[in-house]
Amino acid sequence: MKYIFVLISFVFFTCKSESKQDTDNLSLAQKSENITIIRDDYGVPHIYGKTDADAVFGLLYAQCEDDFNRVEQNYIWATGRLAEVEGEKAIYSDLRAKLFMTEEEALANYEKSPEWLKRLCDAFADGINYFLETHPEVKPKLITHFEPWMPMYFSEGSIGGDIERIRTEKIKAFYESWMDLPESELLEIQKKEAMAEPQGSNGIAISGNLTQSGNAMLLINPHTSFYFRGEVHVVSEEGLNAYGAVTWGQFFVYQGFNEKTGWMHTSTYTDVMDEFLETISKVDEKYLYQYGEELRPVEVSEIKLKYKEGSSLKEKTFPAYRTHHGPITHRTNDVWTASAMMWDPVKALEQSFTRTKQDGYKGFREMMNIRTNSSNNTVYADAGGNIAYFHGNFVPKRDQSFDYTKPVDGSNPKTDWKGLHTVDENILLLNPENGWLQNCNSTPYTAALEFSPKKENYPNYMSLDQENFRGIHAIDLLTERKEYTLDSLIQLAHDPYLPAFEALIPGLVKAYSEHHDRNPKMQGAIDVLADWDFKTSKESVAMTLAHFYGSKTLLWGMSGKMKKRPTQIELFTNFEKYSAKGDRLRIFEAVIDELTSDFGTWEIPWGDVNRYQRLNGDVRQEFDDSKPSIPIGFASGRWGALAAYGARYTAEGAKKLYGTRGNSFVAAVEFGEKVKAKTILAGGQSGDPRSPHFADQIQKYADVKWKDVPFYKEDVLKRAKKTYVPGQKK
């Protein structure tokens, strides 16, 4: 499905750039001469280039210095070659990638890109390839030469972007067995996902009316896998001057700021993907699908994928089917189902890069009208004093007589998307009277309390009206507060109160006090919880008890004991409605038994359980209770912690909890005559355990002592530890 987009001309891509033909004739070493990299005292690279392409070359070179492992891994996954490294178990991830775009289609997208974007894609490949050329000791797992079409596969920097919402288990069931995914398997997957540490982020913008300086402020608080993004500063003589977090292997700052504007993305609940049930028939050995009164041919192709088996590579061939709605990805009740989502990589890359060069709200809003940032909301602030919230960006127009939360009838032309909503039609909030706005992956209809957008003004598919405990917490903190400084904004973002437990724990205490046969082994723990202020800290025993009780309560809520599963807020707020007193006490008794078995006592401070450990640079970390780790007082975002710290996976044999996701790169920014910012990373800038910047920020992270950002050249030079041209000895 094709859409006509408004063409936005950006002057900075024209006049100053060298011609592509001129740069093509230069060697990589010659191209590198226009680039300087300055590493500051935390190892953050400040990359200076003559052109935007020079800056991108240096940016990718610096990323590879810091963590080539993750740069390569992202492209092994994105380009559909994961099974060549991980074996046949990953082949349906590869098939998913190729169903949406083959290598030939990626190359065609590169070829049709505007010249300025081609130059950036060329620079992307040049920067990585020059790193490999000058670092022969680095041995790639698979990709020994990077191509300029590769960014077409990885055009926006979200963690868990749109394509990952399409379950590989469903693809496997269809393409391997021509079956639906069994309901029992789907329920088990959904249960695991519900129990996993939440994905998401927090964005908060504060008007100058509420700050001591009179300047607008922005909290950039993504919750991602640790080490998913590095911290960079990238500058050119063509107007690029962006600082923030870059997803490894991408050539644009994804979450960050320049001197005049700042942008923070939170995962959106806008409906941006749909499933279409296709009525298939086979005539003369050809597949056809019904569309209105006509039979259209199903587009059929072949996809060949390699996979590792032992020390050799084998090959598997799959048919691929596509209708005008999108590729056939699975079956729903025996009906072929096509998945539709935003897939315009050229426009997506244009938007991702041009976002970083806007100097005010007008240009930023025009950039948003490219409308390819499909998986995100955007929280915005600028030096002009504006604060804004864009809920979603790519929003297809739909016939509201159909329920798009379920697969719709693809044979009915009325179910087709009717183009895209404009930015003005989407949910948008600009300079609310209360002086603040927030999004914590929560409903946009409480983004600024009574000054929020009104649900009745928008189609239902534009947002789920669903709150979470982080959103509740943020609103409570922001209401009636003023006189903000950067430091007070950072403290707000680490407020230790956990609203989920104020909802859940009193019911447990009450159930115990009213029970006719109180188990004495629980008395001491219940007393600890009864006296608790619902705040997390390293020293808190109550936090340990509450975390494990809350986790088991959620697991109980996901069990088959209830016909309709409530949301977490509903379950915790009204647990008495869903459970008997005995259920609550049995869950808590299991917590006491588990803690006693694992640690010898239930009376264990949270910091003794909740730990940070990074033993090596592996993408998936292993953990070991016998090796060094440090205590962390933060808590999971599911309990309402804005400074989220949680685990998406555990290691066999480890009893303690080791963080794997949550606060990773975080920034607080103030916009005025000069931009000021403070940032912190979980761990450090480098993925190399031998580097002094492998873990040099983690204690500051734990102690909430963020570092000042040297944004201006004179400040960068004062903190410079290494200055070099790519390829030269540092």
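Above this note sits the structure.
Residues numbered from 1 in each chain as written. Predicted model: local features only at pLDDT ≥ 70, side-chain atom pairs only at ≥ 80, totals over all residues. Heavy atoms only, no water.

Across its full length, the chain holds 22 helices and 30 strands. Expected size for 730 residues packed as a compact globule is a radius of gyration near 27 Å; at 26 Å, the chain falls within 12% of this value. The buried share of the chain, reckoned over its 730 residues, is 60%. For the chain, restricting intrachain contacts to residue pairs at least 6 apart in sequence, the fraction spanning at least 24 positions comes to 70%. (Helix = DSSP H or I, 4+ residues; strand = E, 2+ residues; numbered from the N terminus. Rg over C-alpha atoms; globule rule 2.2 N^0.38 Å. Buried < 20%, exposed > 50% of the residue type's maximum accessible area, 1.4 Å probe, protein only. Contact = heavy atoms within 4.5 Å.)

Along helix H8 (residues 168-177), the residues that are buried comprise Lys170, Ile171, Ala173, Phe174 and Tyr175. After H8 finishes, the residue Trp178 shows a positive phi value of roughly 55°.

Let us look at the sheet that holds strand S12 (residues 294-297). Overall, antiparallel pairing links the 3 strands, which are arranged S10-S11-S12 in an open sheet. Two strands bound the open sheet, and with one partner strand each, they are strand S10 (280-283) and S12. In this sheet, adjacent strand axes meet at a mean angle of 40° when their direction is disregarded. (Pairing = 2+ DSSP bridges. Axes fitted to C-alpha atoms, helices over the stretch in contact; angles between N-to-C directions.)

A separate point is the packing of helix H5 (residues 91-100) against H8. Between H5 and H8, the shortest axis-to-axis distance is 9 Å and the interhelical angle comes to 85°. Considering their axes alone, H5 and H8 lie roughly perpendicular with respect to each other. Of H8, the residues touching H5 (which contributes Tyr92, Ser93, Leu95, Arg96 and Leu99) are Thr168, Ile171, Lys172, Tyr175 and Glu176. (Parallel < 35°, antiparallel > 145°, perpendicular 65-115°, else oblique.)

With that out of the way, let us pick up the sheet that holds strand S18 (residues 387-391). Within the open sheet, the 10 strands sit side by side as S20-S18-S17-S8-S7-S6-S5-S2-S1-S30. Their pairing is mixed. Edge positions in the open sheet fall to strand S20 (427-430) and strand S30 (722-724), since each of these has one partner strand only. Strand-to-strand, the axes of this sheet are offset by a mean angle of 15°, without reference to chain direction. Across 7 bridges, the pairing between strand S5 (residues 229-236) and strand S6 (residues 241-247) is antiparallel. Across the sheet, the residue bridging to Gly230 is Val246, located in S6. Sheet strands in contact with helix H3 (residues 52-78) are strand S1 (35-39), strand S2 (45-49), S5, S6 and S30, and its direction is about 50° off that of S1. Across the sheet, helix H11 (residues 361-368) is in contact with strand S8 (261-267), strand S17 (376-382), S18 and S20; its angle to S17 comes to roughly 165°.

Right, let's get into the pattern of salt bridges. With the rule as written, the count across this model stands at 31 salt bridges. For the salt bridge of Asp162 with Arg165, the shortest nitrogen-to-oxygen distance reads 3.8 Å. Note that Glu425 and Lys397 form a salt bridge whose closest N and O atoms lie 3.9 Å from each other. Taken together, the residues Glu425 in the loop between strand S19 (408-409) and S20 and Lys397 in the loop between S18 and S19 connect sequence positions 28 residues apart. Judged by relative accessible area, which is 34%, Glu425 ranks as partly exposed. Within the structure, one salt-bridge network assembled from shared partners comprises Arg39, Glu65 and Asp66. (Salt bridge = Lys/Arg side-chain N within 4 Å of Asp/Glu carboxyl O.)

Attention now goes to the pairing of strand S16 (residues 335-340). Extensive coverage of S16 is indicated by the burial of 5 of its 6 residues. With 4 bridges connecting them, strand S9 (residues 274-277) and S16 associate as antiparallel partners. Considered in S16, the bridge of Phe276 is made with Ala338. In this sheet, S16 lies alongside strand S15 (residues 326-332) in antiparallel orientation, the contact comprising 4 bridges. Bridge pairing in S16 places His330 opposite Thr337. Where S15 folds back on S16, the antiparallel hairpin that results is connected by 2 residues, among which Asn333 adopts a positive phi of roughly 50°.

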